[in-house]
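Spelled out from the first residue to the last, the chains are:
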Amino acid sequence: MLKSLLQWSVWPACLATNMAPVIIGAILVPQLVPQIAAATTIVLMSVLLVVEQLLPHRVDWAIGGDSEVWRDIGHSVAYAAAVNASRVLFLVSLGSGISALGLSDLFGLWPSSRSVWLQIVIVIMLGDFLEYLYHRLSHSYAFLWRLHALHHTSVRLHALKGARHHILYAFGRGVAVWLPLLVVGAPARLVYWQFIAVTIAGLTAHANVSFTIPAFMHRLAVTPEFHRIHHAADPKLGNTNFGVVFSVWDMLFGTHSDPLQIVVGEAGIDDDPIPRRFLEELKSPVTYATLVARRRGEHFVESASASLHERPDDLDRVAVLPGHELLDAECHVLADVETPLAVGREEMESPDRPRRDAHRSPR
Ligand SMILES: [Zn+2]
Ligand SMILES: [Zn+2]
């Protein structure tokens, strides 16, 4: 009875206690909203880590025994600093410049005479649509996937994973989401509310808590069940549910997987090429093509070794292994780095194609 009550109440309670201090802060000390939002997130993350022990969604996703925890914290701190730097760059410096040059509200559509709260709602809705596009493009284009891949490397989902992003992804949001909002006339002081909404939704979306959420909420908002599908290692599932705050964009644009019908098995990136070291992860946007090539080379050697084991007298085949064929494989991959979306499409178009080796980097 108590457990059931907790399962029903934790998700709305988390959202309400995350929003309340920010809204009160916006009324009393609007200049401190970013700091209040950050402090609330840290407190609530700590609470969720405790709730995860009481009501775990999956025991094998527990924070205990997760060798990535210190790197999760490191990436979260670096990402928070990058978000702040991006806020100063786009919403203070660039926002003033755009306003001074008369480039804001280019179409004269922004309802600047209406209440501040209505403008905040529009910022969050419009900003979430732009965030959906940014996220979706990050799964379609190799150069954007390099900034986003780090977020998908987790094979466990818990409260520390939401902020496990690459620092460059924060600056990408400045270009893809904040800059368009400024150009259509959103006041720079209100644009940061888009990120506050992302943070509030993202914290619970990654929590390893066995929430009980009414079915209709999955159709409106990004819930943990909805977002876990996006973290599936299966590219066909991982390339759906791109919504960050509202789930309606995926239903409108045909990228929706129904959390009421799908249960996620394995999370992470199928055949993840990024080594599990902090600096390697930070460098990965630059080194990604090389890492993919190296991974392909490892597979080539593994499969050749298996062939050798099966056919020990086939010496002619073995003689060429370390040389030309491996180089050919690397050159081919460097010229054509696959994004997860490309892989997903390929598999959908060719149902007979064998599933790629699910081998992962050592952790
Ligand atoms: Zn993603
Ligand atoms: Zn996520």
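Criteria and thresholds
Residues numbered from 1 in each chain as written. Chains lettered and ligands numbered in written order. Predicted model: local features only at pLDDT ≥ 70, side-chain atom pairs only at ≥ 80, totals over all residues. Helix = DSSP H or I, 4+ residues; strand = E, 2+ residues; numbered from the N terminus. Buried ≥ 20, exposed ≤ 12 C-beta atoms within 10 Å, placed from the backbone. Axes fitted to C-alpha atoms, helices over the stretch in contact; angles between N-to-C directions. Parallel < 35°, antiparallel > 145°, perpendicular 65-115°, else oblique. Left-handed = near helix turned anticlockwise from the far one by under 90°. Contact = placed C-beta atoms within 7 Å. Expected span 1.5 Å × (residues − 1). Arc of directions from axis to C-beta. Core = buried A, V, L, I, M, F, W, Y, C linked by C-beta atoms within 7 Å. Domains from an automatic or database assignment.

**What to know about unusual backbone geometry**
- Backbone geometry at Asn-241 places phi at a positive 55°, although glycine is not the residue there.
- Along the polypeptide, Asn-241 turns up in the loop between helix H11 (235-238) and helix H12 (248-252).
- Overall, Asn-241 belongs to the buried group, with 27 C-beta atoms counted inside 10 Å.
- Notably, Asp-271 is not glycine yet its phi reads approximately 60°, a positive angle.
- If you trace the backbone, Asp-271 turns up in the loop between H12 and helix H13 (278-310).
- Here Asp-271 falls in the partly exposed class, since 18 other C-beta atoms lie within 10 Å of it.

**Some points on the packing of helix H1 (residues 2-28) against helix H2 (residues 33-54)**
- The geometry of H1 relative to H2 is characterised by a closest axis approach of 9 Å and an angle of 160° between their N-to-C directions. Classified by the angle between their axes, H1 and H2 sit roughly antiparallel to one another. Between H1 and H2 lies a crossing whose hand is right-handed. Seen from H1, the contacting residues are Val-10, Cys-14, Thr-17, Asn-18, Pro-21, Val-22, Gly-25 and Ala-26; seen from H2, they are Val-33, Ile-36, Ala-37, Thr-40, Leu-44, Leu-48 and Val-51.

**Let's talk about the environment of Ala-293**
- Following the sequence through the fold, Ala-293 ends up in helix H13.
- With 21 C-beta atoms packed within 10 Å, Ala-293 lands in the buried category.
- Sequence separation between Ala-293 and Pro-273 is 20 residues, and the spatial gap between their C-alpha atoms is 8.6 Å.

**Section: the environment of Gly-243**
- In this fold, Gly-243 is placed in the loop between H11 and H12.
- Gly-243 sits in the buried class, given 28 other C-beta atoms within 10 Å.
- Through-space distance from the C-alpha of Gly-243 to that of His-256 is 9.0 Å; in sequence the pair is 13 residues apart.

**Focus on H2**
- Counted at 1.5 Å a residue, the expected span for H2 with its 22 residues is 32 Å, and the 31 Å between its end C-alpha atoms agrees.
- Along H2, the positions that sit buried rather than exposed are Ala-37, Thr-40, Thr-41, Leu-44, Leu-48, Val-51 and Glu-52. Seen end-on, H2 carries its buried residues on one side only, within an arc spanning 115°. Residues of H2 that are exposed and angled more than 90 degrees away from the buried face: Gln-35, Ile-42, Val-43, Ser-46, Val-50 and Gln-53.
- Against H1 and helix H8 (193-205) lie the buried residues of H2.

**Concerning the nonpolar core**
- Counting residues in each nonpolar core, the largest one holds 67 residues, and the members touching the most others are Leu-48, Val-123, Val-191, Trp-193, Ala-197, Ala-201 and Val-245.
- The greatest single-element share of this core, amounting to nine residues, is contributed by H8.
- Split by domain, the residues of this core number at least three in each of domain 1 (2-252) and domain 2 (278-349).
- In this structure, Ala-197 is in contact with Ile-124, Asp-128 and Val-245, ignoring residues within four places of it in sequence.

Read these as geometric descriptors, not functional statements.
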